[in-house]
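One letter stands for each residue in the lines below.
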Amino acid sequence: MKIEKLVFCLGLVLFAISCKKEPDVAPVFPADSSSVTISAILNGRNEVPANVSTGTGVGVGTFDKSTKLFSLSVVYSGFTATDMHIHRGPGGVAGPVLFPLGPNPWKSPVAFTRVLTANQEDSLMRGLYYVNIHSATYPGGEIRGQLTR
């Protein structure tokens, strides 16, 4: 069941990422919509330094520009998590921990909700946050994914 959820979420994220063409019809949400979709694909290749983990994950969430509420759900599989966080740093760069994710022991899926400050909103919108999930095998991070719009 968990694998099916991960595959479904991953498929949705990959579909959304592949849709770069301008739509031929009006968008479902008005241009001034206050909700922004945020997502991340997590794997060992995104870690710094990269690793050969077969673990995978996906994060899907929203940021409400009116309320400043950031909500994220992270699904992962293929290993046992020992810790997980949202960090600040661009792709390919390790950065400091900003927010812990989930209660210990960590079980997929993990939900996160937080009201962001103006500076945190700016960093999120510029793609400067990433999810990092740690394990006993890779204590510095087993899988990582950049949070992007």
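1. Comments concerning the overall build of the protein chain
Then, number 1: Summing up its helical and strand segments, the protein chain has 2 helices and 8 strands in all.
Then, number 2: Scanning the protein chain from its N terminus toward the C terminus, one meets helices and strands in the order α-β-β-β-β-β-β-α-β-β.
Then, number 3: Here the protein chain holds 149 residues, and 40% of them are scored as buried.
Then, number 4: Counting contacts in the protein chain only where the partners sit at least 6 residues apart, residues at least 24 apart contribute 65% of the total.
Then, number 5: When the accessible surface of the protein chain is totalled, it reaches about 8500 Å², and 62% of it is carbon and sulfur.

2. What about the pattern of salt bridges?
Then, number 1: Under the counting rule described, the total for this entry stands at 2 salt bridges.
Then, number 2: Put simply, Arg126 and Asp122 hold a salt bridge, and the shortest N to O gap is 3.2 Å.

3. Looking at the side chain of Gln146
Then, number 1: Here Gln146 lies in strand E8 (residues 143–147).
Then, number 2: In terms of polar contacts, Gln146 uses its side chain to reach the backbone carbonyl oxygen of Gly127, at 3.0 Å.
Then, number 3: Side-chain polar atoms of Gln146 contact the backbone oxygen of Tyr129, separated by 3.4 Å.
Then, number 4: When near neighbours in sequence (up to four residues on either side) are disregarded, Gln146 contacts Ser39, Ala40, Gly89, Pro90, Gly91, Gly127, Leu128, Tyr129 and Tyr130.

4. Details of unusual backbone geometry
Then, number 1: Geometrically, the link from Val48 to Pro49 is a cis peptide bond, its omega value of 0° lying close to zero.
Then, number 2: With respect to the secondary-structure elements, Pro49 resides in the loop between strand E1 (35–43) and strand E2 (56–64).
Then, number 3: Looking along the chain, the bond that leaves Ser108 and enters Pro109 is cis, with omega of 0°.
Then, number 4: As for its position among the elements, Pro109 is in the loop between strand E5 (97–100) and strand E6 (110–115).
Then, number 5: The backbone of Lys68 shows a phi angle near 70°, a positive value even though the residue is not glycine.
Then, number 6: Tracing the backbone through its elements, the reader meets Lys68 in the loop between E2 and strand E3 (69–77).
Then, number 7: Classification of Lys68 as partly exposed rests on a relative accessible area of 27%.

5. A few points about the environment of Gly141
Then, number 1: By secondary structure assignment, the location of Gly141 is in the loop between strand E7 (129–135) and E8.
Then, number 2: Looking at Gly141, the relative accessible area reads 6%, which means it is buried.
Then, number 3: Among all residues touching Gly141, those that are not within four sequence positions of it are Glu47, Asn51, Asn132, Ile133 and His134.

6. Here's the deal with the packing of aromatic side chains
Then, number 1: In total, this model carries 4 aromatic pairs according to the counting rule given.
Then, number 2: The interplanar angle of 35° and the centroid separation of 5.4 Å between the aromatic rings of Tyr76 and Phe79 together place this pair among those described as tilted.
Then, number 3: Residue classification places Tyr76 among the buried residues on the basis of a relative accessible area of 7%.
Then, number 4: The structure contains a cluster of three or more aromatic residues connected by ring pairs, namely Phe70, Phe99, Phe112 and Tyr129.
Then, number 5: The ring of Tyr130 carries the charged tip of Arg144 above its face, separated from the ring centre by 3.3 Å.

Cut-offs used in this document
Residues numbered from 1 in each chain as written. Predicted model: local features only at pLDDT ≥ 70, side-chain atom pairs only at ≥ 80, totals over all residues. Heavy atoms only, no water. Helix = DSSP H or I, 4+ residues; strand = E, 2+ residues; numbered from the N terminus. Buried < 20%, exposed > 50% of the residue type's maximum accessible area, 1.4 Å probe, protein only. Contact = heavy atoms within 4.5 Å. Areas by Shrake-Rupley, 256 points an atom, 1.4 Å probe, with all protein chains shown as cover. Salt bridge = Lys/Arg side-chain N within 4 Å of Asp/Glu carboxyl O. Polar contact = N/O pair within 3.5 Å; in protein donor to acceptor, adjacent residues only side chain to side chain. Phe/Tyr/Trp six-rings, centres within 6.5 Å; stacked < 30°, edge-to-face > 60°. Lys NZ or Arg CZ within 6 Å of the ring centre and 35° of its normal.

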